[in-house]
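Listed here are the chains, written in short residue letters.
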Amino acid sequence: MADAGMLRFHVPEPEVRPGGTPDFSNVTIPKAGSVPRPEIDVDPRTIRDMAFSIIRVLNRAGEAVGPWAGLLSDEELLEGLRNMMTLRTFDARMQMAQRQGKTSFYMQHLGEEAVSCAFRKALAPGDMNFPTYRQAGLLIADGYPMVTMMNQIYSNEADPLKGRQLPIMYSSKEHGFFSISGNLATQYIQAVGWAMASAISNDSRIAAAWIGDGSTAESDFHSALVFASTYKAPVILNVVNNQWAISTFQGIARGGSGTFAARGLGFGIPALRVDGNDYLAVHAVAKWAAERARANLGPTLVEYVTYRAGAHSSSDDPSAYRPKAESDAWPLGDPVIRLKNHLIHKGAWSEERHTQAEAEILETVIAAQKEAESHGTLHAGGKPSTRDMFEGVYAEMPPHLRRQRQQAGV
Ligand SMILES: Cc1ncc(C[n+]2csc(CCOP(=O)(O)OP(=O)(O)O)c2C)c(N)n1
Ligand SMILES: [Mg+2]
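Each value, and the rule that gives it
- Residues numbered from 1 in each chain as written.
- Chains lettered and ligands numbered in written order.
- Predicted model: local features only at pLDDT ≥ 70, side-chain atom pairs only at ≥ 80, totals over all residues.
- Heavy atoms only, no water.
- UniProt positions renumbered as here; feature names shortened; annotations may be inferred.
- Pairing = 2+ DSSP bridges.
- Helix = DSSP H or I, 4+ residues; strand = E, 2+ residues; numbered from the N terminus.
- Axes fitted to C-alpha atoms, helices over the stretch in contact; angles between N-to-C directions.
- Contact = heavy atoms within 4.5 Å.
- Salt bridge = Lys/Arg side-chain N within 4 Å of Asp/Glu carboxyl O.
- Buried < 20%, exposed > 50% of the residue type's maximum accessible area, 1.4 Å probe, protein only.
- Patch = residues over 30% accessible without salt bridge, like charges linked within 9 Å, V, L, I, M, F, W, Y side chains within 5 Å.
- Areas by Shrake-Rupley, 256 points an atom, 1.4 Å probe, with all protein chains shown as cover.
- Near = heavy atom within 4 Å.
- Polar contact = N/O pair within 3.5 Å; in protein donor to acceptor, adjacent residues only side chain to side chain.
- Nonpolar A, V, L, I, M, F, W, Y, C, P; charged D, E, K, R; others polar.
- Domains from an automatic or database assignment.
- Phe/Tyr/Trp six-rings, centres within 6.5 Å; stacked < 30°, edge-to-face > 60°.
- Core = buried A, V, L, I, M, F, W, Y, C linked by side-chain atoms within 4.5 Å.

In the annotation of an unreviewed UniProt entry, the entry for the protein chain reads 2-oxoisovalerate dehydrogenase subunit alpha, and the organism field reads Mesorhizobium hawassense. Annotation of the protein chain in UniProt includes, under Sequence similarities (unreviewed entry), the sentence "Belongs to the BCKDHA family." Regarding the protein chain, the UniProt comment filed under Catalytic activity (unreviewed entry) reads as follows: "N(6)-[(R)-lipoyl]-L-lysyl-[protein] + 3-methyl-2-oxobutanoate + H(+) = N(6)-[(R)-S(8)-2-methylpropanoyldihydrolipoyl]-L-lysyl-[protein] + CO2".

Okay, structure coming up:
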């Protein structure tokens, strides 16, 4: 009490800094299969504890257990494994291409592949994602051509966005992938607004909002929750908690709320936490939330508990702010290895087939890369024409732009 009356400013600190021993002893991991699966029309007040647990299906022995298991066939699981492996290989090749100067920028998904790949499979055609830069699995799992993604990354002559967007900020209406905005959290208000419009026009399509743990500190996140809860918008409110927001640990944006899922409770929105490295759990929870939205039961907030194993982006070096071995210590493991082990346990897969699939996937990704590079890279080959810069923005081009286009001689 010596300093009674003297205020002290509180800044949350991560458990460990570079040079320290990784410590996740504060992350409580419930047993796989232990969290119940309520009916979709459950009274949200009766499941508030789900915002503090973690829904898991795959146990350490590679078995799928509990009430959230059993939704996917072996074929669907094998496709999921292939999609995650493809995303991982795509990431590795594009990260390398960035280092080779073929693009200015890249962002990887390492460790988070299950979130976007499994989620995509819970949606129906016509549903719309409002993704961040770390959900390319939504496109890969929906069969969007890798060559087109690479063309965008290289800003080459075949880039569908004509070099206007930062690399990796894809856009595809047909694949339910709303144009990515670099301004964090804008995706939330856009998704909720789109979902409200869908309900107002008595459509059947639902929306999915995406945000990272750090970005939940933006006001857009909170405003979106007001509208989503008041109007029971048909939207899935996804929070990908990968523990880091560049160099800032998740405790800063979370503050004293315990979990990011718990943010939904004050709005009366059902909030679930799920093991983001468990393909089966992610898919089952996404399906539950999608069914609620489609049945006019309103929004669901889902927190995916995962870990960003790679750097934030090609411009980041995590060794400056976290121990090097921290990702190996992450208690929920690796999503690709966990699904692989599950399929081997079931007798639907083997180490040999996995090695063979890795080689095949690498070959496919390299072939796509060769094709994309034939259309140009950042500093070589074909580019979008200067004329493209003036088109597709205004229905009628304003006089000053018409003048500039004439000056440019295009
Ligand atoms: C409004 C806004 N503020 C800051 C930035 C810069 N910025 C880009 S990514 C990022 C960290 C986001 O972390 P998180 O939301 O946890 O997502 P993650 O990258 O971990 O997937 C920041 C601060 C931005 N793009 N937009
Ligand atoms: Mg994050």
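Moving on from the model shown.
K.L.:
Please give an account of the sheet that holds strand 6 (residues 271-275) that cites residues and values.
P.N.:
With parallel pairing, the five strands of this open sheet are ordered in space as 1-2-3-7-6. In this open sheet, the two edge strands, each paired with only one partner strand, are strand 1 (128-130) and strand 6. For this sheet the average axis-to-axis angle between neighbouring strands, irrespective of direction, equals 20°. The pairing of strand 2 (residues 207-212) with strand 3 (residues 235-241) spans six bridges and is classified as parallel. Bridged to Ala-207 within strand 3 is Val-235. Those strands touched by helix 5 (residues 186-200) are strand 1, strand 2 and strand 3, and its axis lies near 170° from that of strand 2. Here helix 8 (residues 279-294) sits on the sheet in contact with strand 3, strand 6 and strand 7 (300-305), set at roughly 160° to strand 6.

K.L.:
Just give me the short version of the pattern of salt bridges, but keep the residues and values in it.
P.N.:
What the rule picks out here adds up to 18 salt bridges. Among the salt bridges present, the one from Glu-373 reaches Lys-102, with a minimum N-O distance of 3.3 Å. Linking Glu-373 in helix 11 (residues 351-373) with Lys-102 in the loop between helix 1 (74-99) and helix 2 (113-120), this pair joins segments that are 271 residues apart in sequence. Where Glu-391 meets Arg-387, a salt bridge forms, and the shortest distance between an N and an O atom there is 3.0 Å. Under the relative-accessibility criterion, Glu-391 is labelled partly exposed at 29%.

K.L.:
How would you explain a nonpolar patch on the surface if you had to name every residue and give the values?
P.N.:
There is a patch of nonpolar side chains on the surface, built from Phe-9, Val-11 and Ile-252 and spanning about 340 Å² of accessible area. Position of Phe-9 among the secondary structure elements: in the segment before helix 1. Judged by relative accessible area, Phe-9 falls into the exposed class, the value being 77%.

K.L.:
Quick one: what's the story with the site of ligand 1, residue by residue and with numbers?
P.N.:
Around ligand 1, the surrounding shell holds 15 residues, and the nearest of these are Tyr-133, Arg-134, Gly-182, Ser-215 and Trp-244. Here Asp-213 contributes a side-chain N or O atom positioned 3.2 Å from an oxygen atom of ligand 1. In this structure, an oxygen atom belonging to ligand 1 sits 2.5 Å away from a side-chain N or O atom of Ser-215. In isolation ligand 1 exposes 590 Å². Once the protein is present, 71% of that is buried. Classifying every residue of the shell around ligand 1 by side-chain character gives five nonpolar, seven polar and three charged.

K.L.:
Describe the domain arrangement of the protein chain, with residues and values.
P.N.:
A common way to express how large an interface is: the accessible area buried when the components associate. The assigned domain composition of the protein chain is domain 1 (44-313 + 321-379) and domain 2 (386-410). Using only C-alpha atoms to locate each centre, domain 1 and domain 2 end up separated by 37 Å.

K.L.:
Describe the UniProt feature "domain: Dehydrogenase E1 component" (unreviewed entry) in the protein chain, naming the residues involved and giving the relevant values.
P.N.:
Following the UniProt record, one finds the feature "domain: Dehydrogenase E1 component" (unreviewed entry) at residues 83-379. Helix and strand shares over residues 83-379 are 42% and 10% respectively, and the end C-alpha atoms of the span are 30 Å apart.

K.L.:
Please give an account of the packing of aromatic side chains that cites residues and values.
P.N.:
Within this structure, the stated rule accounts for 13 aromatic pairs. Geometrically, the ring pair formed by Phe-90 and Tyr-106 is tilted, given 6.5 Å between the ring centres and 55° between the ring planes. Within this pair, whereas Phe-90 is found in helix 1, its partner Tyr-106 is found in the loop between helix 1 and helix 2, the two being separated by 16 residues in sequence. With centroids separated by 6.0 Å and ring planes inclined at 20°, the aromatic side chains of Trp-210 and Tyr-304 adopt a geometry described as stacked. Taken as a pair, Trp-210 in strand 2 and Tyr-304 in strand 7 lie far apart in primary sequence, 94 residues in all.

K.L.:
So what about the nonpolar core? Which residues, and what values?
P.N.:
Counting residues in each nonpolar core, the largest one holds 74 residues, and the members touching the most others are Trp-68, Phe-90, Phe-119, Ile-168, Tyr-170, Tyr-279 and Tyr-304. Residue contributions to this core peak at eleven residues, all from helix 8. Beyond its immediate chain neighbours, meaning those up to four positions away, Phe-90 contacts Tyr-106, Ile-140, Met-146, Met-149, Met-150, Ile-153, Tyr-170 and Val-365. Core analysis: the next-biggest nonpolar cluster, separate from the first, contains 28 residues, Leu-225, Ala-233, Val-239 and Leu-301 among them.

K.L.:
So what's going on with the side chain of Asp-278? Residues and values would help.
P.N.:
Topologically, Asp-278 is positioned in the loop between strand 6 and helix 8. The class for Asp-278 is buried, based on a relative accessible area of 0%. At a separation of 2.7 Å, a polar atom in the side chain of Asp-278 contacts the main-chain amide nitrogen of Val-57. Polar side-chain contacts of Asp-278 include one of 3.1 Å to the backbone nitrogen of Leu-280. Residues contacting Asp-278, with those up to four places away along its chain left out, are Arg-56, Val-57, Leu-58, Ala-114 and Arg-338.

K.L.:
Before we move on, can you summarise the side chain of Thr-259 with the specific residues and values?
P.N.:
Topologically, Thr-259 is positioned in the loop between helix 7 (251-254) and strand 6. Here the side chain of Thr-259 touches Ala-262 through a polar contact of 3.0 Å, landing on its backbone nitrogen. Contact partners of Thr-259, with chain neighbours within four places excluded, come to Ala-51, Phe-52, Arg-254, Arg-273 and Glu-303.

K.L.:
Quick one: what's the story with the environment of Leu-401, residue by residue and with numbers?
P.N.:
Tracing the chain through its elements places Leu-401 in helix 12 (residues 399-408). Each C-alpha atom, one on Leu-401 and one on Lys-31, is 61 Å from the other, the two residues being 370 residues apart in sequence. Excluding residues that lie within four positions of it along the chain, Leu-401 makes contacts with Phe-390 and Tyr-394.

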